[in-house]
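Listed below are the residues making up each chain.
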Amino acid sequence: MIGLISATAAGAAARDRLAAAWPDRTRVYDGPVGDAVRSAFAECGQLVCFLATGAVVRLIAPLLGEKTADPGVVCVDEGGRFAVSLVGGHAGGANELAREVAEVLAARPVVTTATDSVGLPGLDTLGFPVEGSVATVSRALLDGEPVALRAELTWPLPPLPLAAEGAYTVRLTDRAVEPAEREVLLRPPSLVVGVGASKGAPVDEVLTLIEGALRDAGLSPRSVTELATVDAKAEEPGVVEAAARLGVPLVTYTAEELAAVAVPNPSDAPLAAVGTPSVAEAAALVRGGELLVPKRKSAPEDGRPAMATCAVVRRLARGRLAVVGLGPGARDLLTPRAKAELRRASVLVGLDQYVDQIRDLLRPGTRVLESGLGAEEERARTAVAEARAGHAVALIGSGDAGVYAMASPALAEASDDIDVIGVPGVTAALAAGAILGAPLGHDHVSISLSDLHTPWEVIERRVRAAAEADIVVTFYNPRSRGRDWQLPKALAILAGHREPTTPVGVVRNASRPDESSRVTTLGALDPAWVDMMTVVTVGNTATRNIAGRMVTPRGYRWQESAPEGAE
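Quick caveat: nothing in here was measured; it's all calculated off a predicted structure.

**Student:** I tried to follow the overall build of the protein chain on my own but got confused; where do I start?
**Tutor:** The number of helices and strands found in the protein chain is 18 helices and 28 strands. When the backbone C-alpha atoms are referred to their principal axes, the protein chain occupies close to 95 × 65 × 60 Å. Counting all 567 residues of the protein chain, 47% fall into the buried class. Of the roughly 26700 Å² of accessible surface on the protein chain, a fraction of 51% belongs to carbon and sulfur atoms. Averaged over its 56 positive side-chain charges, the protein chain has a centre that lies 3 Å from the centre of its 69 negative ones.

Right, dumping it as structure tokens:
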């Protein structure tokens, strides 16, 4: 919960705007400001104070304890111009909260944390438990000192400017080791503990068994990502409480799912009890991985029979492939989600000219794999291969990556061994449509006139179908130096079904600094106006030129006769 505190009418107005935007995330604290801050500090995970920074510093100073436990505090000035991350930038989430508050209030976020200020992700913000000399190694990164990465596991890390050798080290490991001097340990969520338990198994027995198994195998409990068991034990108190104390979810599977898993140590006892020859090993292995600790039983000190079993599996990370649409070119048409994915990726794959568009958004340490025109399939294979190697990859394309762009070849290469995230973008057709007016107000289709990969006979058949169906058509790749006859041919096909006065829009470099556009007619269009940077939108029989704009009605009749309230 986010506590909101204000002292003046101006502050209360901004406070109420934030409360209205986040009704389920916020709680307003009224009354004397000092009492309100103390109550919110004790009860909330984060605070937004609409007060002067000096006042907030004095109010929270006596309340501060450990930086890992204190709430994040953001301060907003009376004029609502700045959202300042004051305390708990990383651990308390104040840096990200300042950005979110600024977006709602149209303010400017102020983040002074050193790593954030220069575009480096904080070592304590990577989503992993972290141990060791975080401040020292972070300072080395900031100072440009060589910091070595020792990755005992491949994991999709965000970009970091790490080297092969260095006096400082970032070590990615799930083994139970102590950090050396000048070293940070990152604990990936790589370990799954399968658990079997008899009815009434004590939580201490379950936990002692798990902790002993990890200790004997030299594994860190901070890398345990889940406890897994059969669904018949989903409410077994000892197992549920063990997961809660470890701070991990309890994941359950049906007996049928577990019975299908090949295990080294099946047993008749669980088969008779819950319908599967293995619980601990099968539950740990059901989603794949390497069995590090085979099934072992608890050993109660009082000599009674064991009531719990466990097994430990290392589940390797799945690589991550984000297919990102960059939009038509203008920076303000690049979506926030696309920006976030670009900054998250440790490997960027793309056409060289598209990479140049967004190079300034990449974080230090991002590995860029760029190539020229005509290498689309090679880029797709490269991106998938990097993801399969366990990296966080962004594959970029213009417009929407799924429209005449990189998503198709990439997904044709990918299988279910990687995670794929699609990030939509503003297409050229949409950007051109907004410039022209509203030509896509009714049914419409996009057709590429490039016959480099599609036979012209297929393209022509599609153009004829659109012409006969009276659908608005946007032509991509309409004309190049080597392909100058396809556009006139396509326009001739449309002219057989539409009047010469049919509006046609021609937009070149939509949304870019040298953007140009014109609205003409099917009869007057000169193909010489068109090149590969142009999209051509041909209206249907209902499209009109109204005040110089192309407009296709939502229906084939204007709506004067529509009932009151109809759209």
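Back to the text.
**Student:** Any chance you could explain helix 14 (residues 376–388) here in plain terms?
**Tutor:** Note that an α-helix has 3.6 residues per turn; residues three or four places apart therefore point the same way. Relative to the 18 Å expected for 13 residues at 1.5 Å per residue, helix 14 spans 18 Å between its end C-alpha atoms, a close match to the ideal helical length. Along helix 14, the residues classified as buried are Arg379, Ala380, Ala383, Val384, Glu386 and Ala387. One side of helix 14 carries all its buried residues, which in axial view fall inside an arc of 160 degrees. Elements in contact with the buried residues of helix 14: strand 16 (320–325), strand 17 (347–351), strand 18 (367–371), strand 19 (392–397) and helix 15 (407–413). In the segment just after helix 14, Gly390 is the residue with positive phi, at about 95 degrees.

**Student:** Would you explain the pattern of salt bridges in this entry?
**Tutor:** Two side chains of opposite charge can pair, provided their charged atoms sit close to one another. Counting across every chain of the model gives 33 salt bridges. Here Asp35 ties to Arg38 by a salt bridge, and the two come within 2.5 Å at their closest N and O atoms. Pair noted here: Asp35 and Arg38 are both in helix 2 (residues 33–43), with a separation of 3 residues, about one helical turn. The class for Asp35 is partly exposed, based on a relative accessible area of 40%. Residue Arg38 is classed as partly exposed on the basis of its relative accessible area of 43%. In this structure, Glu376 engages Arg379 in a salt bridge whose closest nitrogen and oxygen atoms are separated by 3.8 Å. Here the residue Glu376 and the residue Arg379 both occupy positions in helix 14, the gap between them amounting to 3 residues, near one helical turn. A cluster of three or more residues bridged by salt bridges with shared partners is formed by Arg15, Asp16 and Asp30.

**Student:** Is there a simple way to explain helix 1 (residues 9–21) in this structure?
**Tutor:** The terminal C-alpha atoms of helix 1 lie 18 Å apart, and with 13 residues this matches the ideal 18 Å at 1.5 Å per residue to within 8%. Gly11, Ala12, Ala14, Arg15, Leu18 and Ala19 are the residues of helix 1 that are buried. Taken end-on, helix 1 shows its buried residues confined to a sector of 165 degrees, consistent with a single buried face. Residues of helix 1 that are exposed and angled more than 90 degrees away from the buried face: Ala9 and Ala20. Along its buried surface, helix 1 packs onto strand 1 (2–6), strand 2 (26–29), strand 3 (46–50) and helix 4 (94–105).

**Student:** Which parts of the structure should I look at to understand the pairing of strand 10 (residues 183–186)?
**Tutor:** For a regular strand, side-chain orientation follows a simple rule: the groups alternate between the two sheet faces. Going residue by residue along strand 10, you find Glu183 and Leu185 tucked away on one face and Val184 and Leu186 tucked away on the opposite face as well. Across 3 bridges, strand 7 (residues 130–132) lies against strand 10 in antiparallel orientation. Looking at the pairing, Val130 lines up with Leu186 of strand 10. Note that strand 9 (residues 168–172) and strand 10 share 4 bridges and pair parallel. Bridge assignment links Arg171 to a residue of strand 10, and that residue is Leu185.

**Student:** Before we go on, may I ask you to explain the state of the cysteines in this structure?
**Tutor:** A covalent bond between the sulfur atoms of two cysteines is what we call a disulfide. Inspection of the entire model under this criterion finds 0 disulfides. You can see Cys75 has no disulfide; the closest cysteine sulfur is in Cys49, sitting 6.5 Å from it.

**Student:** Just checking my understanding: could you explain the nonpolar core for this structure?
**Tutor:** Soluble globular proteins tend to pack their nonpolar side chains together in the buried interior. In this structure, Val193, Ile210, Leu227 and Val312 are the most contacted members of the largest nonpolar core, which totals 24 residues. Every element with two or more residues in this core is listed here: strand 11 (191–197), helix 7 (203–217), strand 12 (224–230), helix 8 (237–246) and strand 15 (308–314). In terms of residue count, helix 7 provides more of this core than any other element does, 7 residues in total. Residues contacting Val193, with those up to four places away along its chain left out, are Ile210, Val224, Glu226, Leu227, Ala228, Cys310, Ala311 and Val312.

**Student:** Any chance you could explain the packing of helix 7 against helix 8 here in plain terms?
**Tutor:** Each pair of packed helices can be summarised by the angle the axes make with each other and by the distance between the axes. Running from amino to carboxyl end, helix 7 crosses helix 8 at an angle of 55 degrees, the nearest separation of the two axes being 8 Å. Considering their axes alone, helix 7 and helix 8 lie oblique with respect to each other. Taken as a pair, helix 7 and helix 8 cross one another with a handedness that is right-handed. Residues Val203, Asp204, Val206, Leu207 and Ile210 of helix 7 pack against Gly238, Glu241, Ala242, Arg245 and Leu246 of helix 8.

**Student:** Explain the environment of Glu386 here, please?
**Tutor:** Position of Glu386 relative to the elements: it lies in helix 14. For the pair Glu386 and Arg182, spaced 204 residues apart in sequence, the C-alpha to C-alpha distance is 30 Å. Apart from the residues lying within four places of it in its own chain, the contact partners of Glu386 are Val347, Arg367, Leu369, His391 and Val393. Among the polar contacts listed, one links the side chain of Glu386 to the side chain of Arg367, at a separation of 2.9 Å.

**Student:** What's the story with the packing of helix 17 (residues 456–468) against helix 18 (residues 486–495) in this structure? I'm lost.
**Tutor:** For the pair helix 17 and helix 18, the least separation of the axes is 9 Å and the interaxial angle reads 30 degrees. The angle between the axes of helix 17 and helix 18 places the two elements in the roughly parallel class. Relative to helix 18, the crossing made by helix 17 is right-handed. Facing helix 17, whose interface residues are Trp456, Glu460, Val463, Arg464 and Ala467, helix 18 presents Gln486, Lys489, Ala490, Ile493 and Leu494. Looking at the contact of helix 17 with helix 18, its residues break down into 6 nonpolar, 1 polar and 3 charged.

**Student:** Quick question: what am I supposed to make of the sheet that holds strand 25 (residues 516–521) here?
**Tutor:** Strand pairing in a sheet relies on backbone hydrogen bonds. The paired strands run either parallel or antiparallel. Across the sheet, 5 strands lie side by side as 22-23-26-24-25; this open sheet has mixed pairing. Two strands lie at the open edges of the sheet, namely strand 22 (444–448) and strand 25, each paired on one side alone. Shown here is a sheet whose adjacent strand axes are inclined to one another by a mean of 20 degrees, direction ignored. Note: strand 23 (residues 472–476) against strand 26 (residues 534–538), 3 bridges, orientation antiparallel.

**Student:** Explain the sheet that holds strand 3 here, please?
**Tutor:** Taken together, the 6 strands give an open sheet; going across it, the order is 2-1-3-4-5-6, and neighbouring strands pair in mixed fashion. Each end of this open sheet is capped by a strand with a single partner; those strands are strand 2 and strand 6 (108–110). Ignoring which end each strand starts from, the neighbouring axes of this sheet average 25 degrees apart. As paired strands, strand 1 and strand 2 are joined by 4 bridges and run parallel to one another. In the sheet register, Ile5 faces strand 2, and the bridge partner there is Tyr29. Lying on the sheet, helix 2 is in contact with strand 1, strand 2, strand 3 and strand 4 (72–76); it crosses strand 1 at an angle near 170 degrees. Helix 3 (residues 53–60) contacts strand 3, strand 4 and strand 5 (82–87) of the sheet and is inclined by roughly 25 degrees relative to strand 5.

Analysis parameters
- Residues numbered from 1 in each chain as written.
- Predicted model: local features only at pLDDT ≥ 70, side-chain atom pairs only at ≥ 80, totals over all residues.
- Heavy atoms only, no water.
- Helix = DSSP H or I, 4+ residues; strand = E, 2+ residues; numbered from the N terminus.
- Buried < 20%, exposed > 50% of the residue type's maximum accessible area, 1.4 Å probe, protein only.
- Areas by Shrake-Rupley, 256 points an atom, 1.4 Å probe, with all protein chains shown as cover.
- Lys, Arg positive; Asp, Glu negative; His and termini not counted.
- Charge placed at Lys NZ, Arg CZ, Asp CG, Glu CD.
- Expected span 1.5 Å × (residues − 1).
- Arc of directions from axis to C-beta.
- Contact = heavy atoms within 4.5 Å.
- Salt bridge = Lys/Arg side-chain N within 4 Å of Asp/Glu carboxyl O.
- Pairing = 2+ DSSP bridges.
- Disulfide = S-S within 2.5 Å.
- Core = buried A, V, L, I, M, F, W, Y, C linked by side-chain atoms within 4.5 Å.
- Axes fitted to C-alpha atoms, helices over the stretch in contact; angles between N-to-C directions.
- Parallel < 35°, antiparallel > 145°, perpendicular 65-115°, else oblique.
- Left-handed = near helix turned anticlockwise from the far one by under 90°.
- Polar contact = N/O pair within 3.5 Å; in protein donor to acceptor, adjacent residues only side chain to side chain.
- Nonpolar A, V, L, I, M, F, W, Y, C, P; charged D, E, K, R; others polar.

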